[in-house]
Amino acid sequence: MAFLPRELLALMAALGVVQLIGGYSYRNCIEDQWSNRKSFHCTRRYVGKMSNMTQDLPVTAVNLSICHCNVSQLDNSLSHLQNLQYLSISLCNLKIISGNAFQSLSQLQSLILSFNKLSELKPLLFEDLHSLNSLWLAHNKLQALPEEIFLNTFSLQTLNMDTNVLNNFSNVVRSVAHLMNLTALDLSFNHFTSLSHSSASLPRSLTKLSLKGNKLLTLGCQATLFNYVKLLDLSNNTRLTAMAFRGVDLSHLKFLRLKLTEVDILTFLNISNVSGVQVDFSGTGLKNKTQIEKLCELLRKKHSIMKSLRLDDNGIKSTSFRLHYCPTITKALHLSQNKLQTVKCLDFLDGQEKITEFYAEHNTLLSLSSCRNRSKPALTKLKKLSYRYNRILSVKANAFHLTPNIKVLQLNINNIAFLDHQALKGLQKLQELRLDNNLLTDLFKDTFANTCKLKILNLRNNRVSVIFNGTFYCLKKLTTLDLGGNKITHFEAAGFDGLTKLSKLYLDGNNLKTIKTSFYYAFQDTLRVLDLSRNKIRFLTKDKSSPFMNFSKLTDLKVASQRPYGLTLLPPTLFRGLHSLKSLYLGNNRITHIPCDAFDDLTGLHFLTLDNCCVGGVNLHPGVFKNLRNLTKLILENVGLQNFTKEVFGNLTQLRILQANHNTMQSIPLDALESLVKLQYLDIRNVSLSCTCENSFLQNYTLHNPDLQVVYLYNLQCPEDNSKTFFNFNTEVCFIDLGEHLFFCTAAVIFLFTVTPLLHVKLYWKVKYGYFVFRAWFSEQWSRIRDKEENCKYDAFISYNSVDEEWVMDYLVPNLEGNKSPFKLCLHHRDFELGRDIVDNIVNAVYSSRKTICVVSRSFLCSEWCSLEIQLASYRLFDEHRDVLLLVFLEPISERQLSSYHRMRKVMLKKTYLQWPGPDTTNFLQARELFWSQLRRAIRAGNRVETEDEAQEHYAAQDHQTEERCENQTSDESCYLLP
């Protein structure tokens, strides 16, 4: 029923026969995959109004994210989304929010309005948000808060107003004082100069307060302001001094950050009651030995144990200080973002053997020297050591001799070009080693010989070109090996020996040209993830090898983006044996041919991407996906797909997501879509679907299928006319019922053949009698009409050549417009309207005159305008059947000269014409008198055209009269009236 014509569906819905379900698509938003109409995102949709963005979203929406739009005002366009729990409107240039914008969103729990241009908020804007627990207003232009702004948001726990222009701390305190569930308040990077406030105080529930990046000169607050705060961040207040804390109770703090302030730490610790072990000393100017050791002595007076000591970003250049003056550090020491050039085997950690983590990242370390000959006790508790973001060029042998129990070692993002054979010696408990983003070129057989418990090894983005035999032989517990981004061209035969538990291998971004099964035998029974993307693998012939045949547990395989030309060919046996594979990435390859049996063994595949993988247009062979019955997501973006058929896609019965955008197919057969019974998400953006009857059922299917989301269906344009859209092109002509038309035609014919004989028998004489009565009446009426003279302006229009103008003016006009003949003539020079087009004047003259008299001479026959005039008059004679044309010949003209003037010859054959008697005519005076008499009589005659019988009788009578007249003339007279 869902695929009936729209008109019929609408009628059935109106009658209550069926409930019409709207199309499952949205104009400016996309439902997140697998969200079941609960989660939506609307990105980069520049539609002007928020209502245009959200008007078609369903009431079931729970999460909505809107970003990168251009909506300056938010009205109540969200009122219908009463089930929203998470709402984000960011990077939208939002300036104004109306007071009722969130009126119906009582279930909203998280609201993000960051990165907009809000300068003020309505007092009761959040009045109905009783369930709100997280509010983000960061990166706006707020100057102040209405005191009642959070009046009913009792559930609010997190409030972030980072990077605004707030300058009245008392105003903020009054606004949040009643929020008994508020735990985190971020006021960073505003314009506060002091923390003075009225009698109101921060809520007792507040534990995290950030005031970094303001312009605080003094605190100026009550002593008890921070009584319940546990984490206080005052960093980046560049004018804040130690004296600002005098009299302020800081005893309850668990963490205090004072980075990049003018606070003298030693003075601060002496005048405040803060617990020193809870202070972050990063960026406080403690750069030399004396300052650090005094700090340690001061801390030791009050505390014997501290969890961590943070000395980051202090400009420390050497480790000449001794930390045995400090309280015992039980966890971490942070010396990152300093200017250390050496750490001297961690000598400065003497007396701090309980440290478990040491961070020296973002320094200027150039090398890690050997510690073999050092007599210092080993740091047996140290578990994590990080030297990331330095300039280390080499790591010498026994560099970690004094830290034998390290489990995590981070040496990544350095310039390490040389790693000594014995550099890692002694790290027998090491489990994670990061050497990525360095300049290593060689890995030796014994490089990892002492790290047999290693589980994760990251060597990405180095310059390794060959993996030698036995390089990883000791790493029998290794599960993850990342060799991506190197320059590996090949592996020696035993290069991967020993990796018996490897489950993840990343070889992307190398220079591998072939895939050889022999290299991977060591872990073929354990490997689950294999990444071979961005190599130089290419097949030019129909290779019959099956390199992955024995990878029985492989679930994730990436062979995408082979350089520089892609895979080119896809061998039919390439993926044989991969019965457990779940995800296959083949995108960005220039595959010219996909064999129909290429994916036959991938019976467990759930995800397949072939995006940007084909050259030009591609026709997928029927059955190419026949065994992929468990596939749930298929990406065919920009593959040049020309045909979408059931034979190709019919077996994908579990497919839920299909991305087929940027393709060249012009139609999608309905049976192909109907075979995808579980399809929920269809992306066909930038596909030139023709708006023709071929896609009429597809239009109906996509509009009325309640289980299928078609991405931006309402924005798909017709390739034939970009002003029209696919979803509403006219399909009425496609649903013509041929059977109905045939039925009515057949019924009419049967009725005609049934009734006609009956009428002939019963009414024959009555019909015949009526016919003759009607015929007599019609003839009488017609005679009256045609005999009625026209009410014309002129009696005759004179058509002549200028050469004959003397005859017209001396003879014709006096004889026809004189006293004897009061006719009104139309002459060129006298009666044509000045300024009017000559053609219009001629047409008007012909149709405003009862007759047209053509004065024919040889000059007349050569005139273009005279030719036009006689053609118009002859048109009225032959086509309108009006007897309006009279021919007057001034001189004899031969038949040969008239041969090209066929219309004139036709008139001469049909009508009698007048010949002007010349001076040599016998009795020419009497002849001329008779000439004028005949012409006047012709002008007075009516305009009706005789029938053929009448014409013959008329011509016979004329001939008889002419003969009698000629007989009465003397023998030397000539007859001037010619037939």
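The rules behind each value
- Residues numbered from 1 in each chain as written.
- Predicted model: local features only at pLDDT ≥ 70, side-chain atom pairs only at ≥ 80, totals over all residues.
- Heavy atoms only, no water.
- Helix = DSSP H or I, 4+ residues; strand = E, 2+ residues; numbered from the N terminus.
- Areas by Shrake-Rupley, 256 points an atom, 1.4 Å probe, with all protein chains shown as cover.
- Patch = residues over 30% accessible without salt bridge, like charges linked within 9 Å, V, L, I, M, F, W, Y side chains within 5 Å.
- Salt bridge = Lys/Arg side-chain N within 4 Å of Asp/Glu carboxyl O.
- Lys, Arg positive; Asp, Glu negative; His and termini not counted.
- Charge placed at Lys NZ, Arg CZ, Asp CG, Glu CD.
- Buried < 20%, exposed > 50% of the residue type's maximum accessible area, 1.4 Å probe, protein only.
- Polar contact = N/O pair within 3.5 Å; in protein donor to acceptor, adjacent residues only side chain to side chain.
- Contact = heavy atoms within 4.5 Å.
- Pairing = 2+ DSSP bridges.
- Disulfide = S-S within 2.5 Å.
- 1 Å grid on protein atoms, 1.4 Å probe; cavity = no way out; pocket = protein on both sides within 12 Å on 5 of 7 lines; lining within 4 Å.
- Points joined across faces, edges and corners; volume = space filled by probe spheres on them.
- Nonpolar A, V, L, I, M, F, W, Y, C, P; charged D, E, K, R; others polar.
- Core = buried A, V, L, I, M, F, W, Y, C linked by side-chain atoms within 4.5 Å.
- Phe/Tyr/Trp six-rings, centres within 6.5 Å; stacked < 30°, edge-to-face > 60°.
- Lys NZ or Arg CZ within 6 Å of the ring centre and 35° of its normal.
- Arc of directions from axis to C-beta.
- Axes fitted to C-alpha atoms, helices over the stretch in contact; angles between N-to-C directions.
- Left-handed = near helix turned anticlockwise from the far one by under 90°.

### Some details on the overall build of the chain
Then comes step 1: Secondary structure summary: the chain contains 17 helices and 44 strands in total.
Then comes step 2: Roughly 46,300 Å² of accessible area belongs to the chain as shown, and the carbon and sulfur atoms make up 51% of that amount.

### Brief notes about a positive patch on the surface
Then comes step 1: On the surface, a cluster of positive charge is made up of Lys407, Lys429, Lys453, Lys455, Lys477 and Lys501.
Then comes step 2: Assignment of secondary structure puts Lys477 in the loop between β25 (466–467) and β26 (480–482).
Then comes step 3: Looking at Lys477, the relative accessible area reads 41%, which means it is partly exposed.

### Observations regarding the side chain of Asn438
Then comes step 1: Within the element layout of this structure, Asn438 appears in the loop between β23 (432–434) and β24 (456–458).
Then comes step 2: Polar contacts involving the side chain of Asn438 include one to the main-chain amide nitrogen of Asn414, which spans 3.2 Å.
Then comes step 3: In this structure the side chain of Asn438 is engaged in a polar contact, spanning 2.9 Å, whose partner is the backbone oxygen of Leu435.
Then comes step 4: Not counting residues up to four positions away in its chain, the partners in contact with Asn438 are Leu411, Asn412, Ile413, Asn414, Asn415, Ile416, Asn461 and Asn462.

### A word on the pattern of salt bridges
Then comes step 1: Per the counting criterion, the structure on display carries 17 salt bridges.
Then comes step 2: In this structure, Glu147 engages Arg174 in a salt bridge whose closest nitrogen and oxygen atoms are separated by 2.7 Å. Here the residue Glu147 occupies a position in the loop between β8 (134–136) and β9 (158–160), and Arg174 occupies one in helix α3 (residues 169–176), the gap between them amounting to 27 residues.
Then comes step 3: What makes Arg174 partly exposed here is its relative accessible area of 29%.
Then comes step 4: Through salt bridges with shared partners, a single ionic network connects Arg460, Asp482, Asp508 and Arg534.

### Quick look at the sheet that holds strand β22 (residues 418–419)
Then comes step 1: Overall, parallel pairing links the three strands, which are arranged β18-β20-β22 in an open sheet. Each edge of the sheet is formed by a strand with only one pairing partner; in this case those strands are β18 (367–368) and β22.
Then comes step 2: Strand direction decides the pairing type here: strand β20 (residues 394–395) and β22, joined by two bridges, are parallel. Paired with Ser394 across the strands is Phe418, a residue of β22.

### Things to note about a nonpolar patch on the surface
Then comes step 1: A cluster of nonpolar side chains, namely Ile838, Val839, Val843, Tyr847, Trp865 and Tyr875, defines an oily patch on the protein surface of about 480 Å² accessible area.
Then comes step 2: Taken together, the elements giving at least two residues each to the nonpolar patch come down to α12 (838–847) and α14 (864–878).
Then comes step 3: Relative accessible area serves as the criterion here: at 35%, Ile838 is assigned to the partly exposed category.

### Some words on the state of the cysteines
Then comes step 1: The final tally for this structure, using the stated rule, is six disulfides.
Then comes step 2: A disulfide bridge connects Cys296 with Cys326, and the sulfur atoms are separated by 1.6 Å. You can see Cys296 sitting in helix α5 (residues 289–302) and its partner Cys326 sitting in the loop between β15 (305–310) and β16 (328–334), a full 30 residues away along the chain. The same class applies to Cys296 as to Cys326, namely buried.
Then comes step 3: Note on cysteine connectivity: Cys345 is disulfide-linked to Cys371, with sulfurs 1.8 Å apart. Note on the Cys345 and Cys371 pair: the S-S dihedral is about -105°, so by sign convention the disulfide is left-handed.

### Regarding the layout of surface pockets
Then comes step 1: In this structure, the second largest pocket occupies an estimated 290 Å³ of space.
Then comes step 2: Broken down by secondary-structure element, the contributors of at least two residues to the lining of the second largest pocket are β14 (279–280), β15, β16 and β17 (357–359).
Then comes step 3: With six residues, the single largest contributor to the lining of the second largest pocket is β15.
Then comes step 4: Grouping the constituent residues of the lining of the second largest pocket by class yields eight nonpolar, three polar and six charged.

### Considering the nonpolar core
Then comes step 1: Counting 223 residues, the largest nonpolar core has Phe102, Tyr387, Phe472, Phe599 and Phe625 as the members making the most contacts within it.
Then comes step 2: Ranked by residues supplied to this core, first place goes to α5 with five residues.
Then comes step 3: Ignoring anything within four residues of it in the chain, the contact list for Phe599 reads Leu570, Phe575, Leu584, Leu586, Ile594, Val624, Phe625, Asn627 and Leu628.
Then comes step 4: Counting residues in each nonpolar core, the second largest holds 22 residues, with Ala796, Leu827, Ile853 and Phe931 among its members.

### Regarding the environment of Glu929
Then comes step 1: Considering the arrangement of structural elements, one finds Glu929 in helix α16 (residues 924–940).
Then comes step 2: Residue classification places Glu929 among the partly exposed residues on the basis of a relative accessible area of 47%.
Then comes step 3: For the pair Glu929 and Asn815, spaced 114 residues apart in sequence, the C-alpha separation works out to 9.8 Å.

### With respect to the pairing of strand β39 (residues 794–799)
Then comes step 1: Most of β39 is tucked away, with six of its six residues classed as buried.
Then comes step 2: In terms of strand pairing, β39 meets strand β40 (residues 825–826) through two bridges, oriented parallel. Bridge assignment links Ala796 to a residue of β40, and that residue is Leu825.

### Brief notes about the packing of aromatic side chains
Then comes step 1: Summed over all chains, the structure comprises 30 aromatic pairs.
Then comes step 2: Geometrically, the ring pair formed by Phe358 and Tyr387 is edge-to-face, given 6.1 Å between the ring centres and 80° between the ring planes. With Phe358 in strand β17 and Tyr387 in the loop between β19 (384–386) and β20, the pair connects residues that are 29 residues apart, well separated along the chain.
Then comes step 3: Residue classification places Phe358 among the buried residues on the basis of a relative accessible area of 0%.
Then comes step 4: A centroid spacing of 5.0 Å and a plane angle of 75° characterise the contact between Phe931 and Trp932, whose relative ring orientation is edge-to-face. Take Phe931 and Trp932: they sit in the same class, and that class is buried.
Then comes step 5: Of note, Lys476 hangs over the ring of Tyr473, and the distance from its end group to the ring centre comes to 4.2 Å.
Then comes step 6: Positioned above the aromatic ring of Tyr585 is the side chain of Lys558, whose terminal nitrogen or guanidinium carbon lies 5.0 Å from the ring centre.

### A few points about the side chain of Ser90
Then comes step 1: Inspection of the secondary structure puts Ser90 in strand β5 (residues 86–90).
Then comes step 2: In contact with Ser90, other than residues within four places in its own chain, are Ile66, Cys67, His68, Ser114, Phe115 and Asn116.

### Describing the sheet that holds strand β10 (residues 184–186)
Strand pairing within a sheet occurs via backbone hydrogen bonds; the two strands may be parallel or antiparallel.
Then comes step 1: With respect to topology, 12 strands assemble into an open sheet ordered β1-β2-β3-β5-β7-β8-β9-β10-β11-β12-β13-β14, the strand pairing being mixed. Bordering the open sheet on either side are β1 (30–31) and β14, each of which pairs with just one other strand.

### With respect to the pairing of β16
Then comes step 1: Alignment of β15 against β16, held across five bridges, turns out to be parallel. Across the sheet, the residue bridging to Met306 is Ile329, located in β16.
Then comes step 2: For β16 and β17, the ladder comprises three bridges, and the chain directions are parallel. The partner of Ala332 across the bridge, within β17, is Glu357.

### Some points on α12
Then comes step 1: Every buried residue of α12 is listed here: Asn841, Ile842, Ala845 and Val846. Projected down its long axis, α12 shows its buried positions confined to an angular sector of 130°, all on one face.

### Topic: the packing of helix α10 (residues 805–817) against α16
Then comes step 1: Contact pair α10 / α16: the axes reach a minimum separation of 10 Å and the direction vectors enclose 65°. By crossing handedness, the relation of α10 to α16 is classed as right-handed. Within the contact between the two elements, α10 uses Trp807, Tyr811, Leu812, Asn815 and Leu816 and α16 uses Arg928, Trp932, Leu935, Arg936 and Ile939.

### Describing unusual backbone geometry
Then comes step 1: The omega angle of the peptide bond from Arg563 to Pro564 is -10°, so this bond is cis rather than trans.
Then comes step 2: Counting through the fold element by element, Pro564 comes out in the loop between β30 (556–558) and β31 (583–585).
Then comes step 3: Non-glycine residue Asp313 carries a positive phi angle of around 55°.
Then comes step 4: Checked against the element boundaries, Asp313 lands in the loop between β15 and β16.
Then comes step 5: Relative accessible area serves as the criterion here: at 29%, Asp313 is assigned to the partly exposed category.
Then comes step 6: The backbone of Thr568 sits at a positive phi, close to 70°, despite the residue not being glycine.
Then comes step 7: With respect to the secondary-structure elements, Thr568 resides in the loop between β30 and β31.
Then comes step 8: On the accessibility criterion, Thr568 (15% relative accessible area) is buried.

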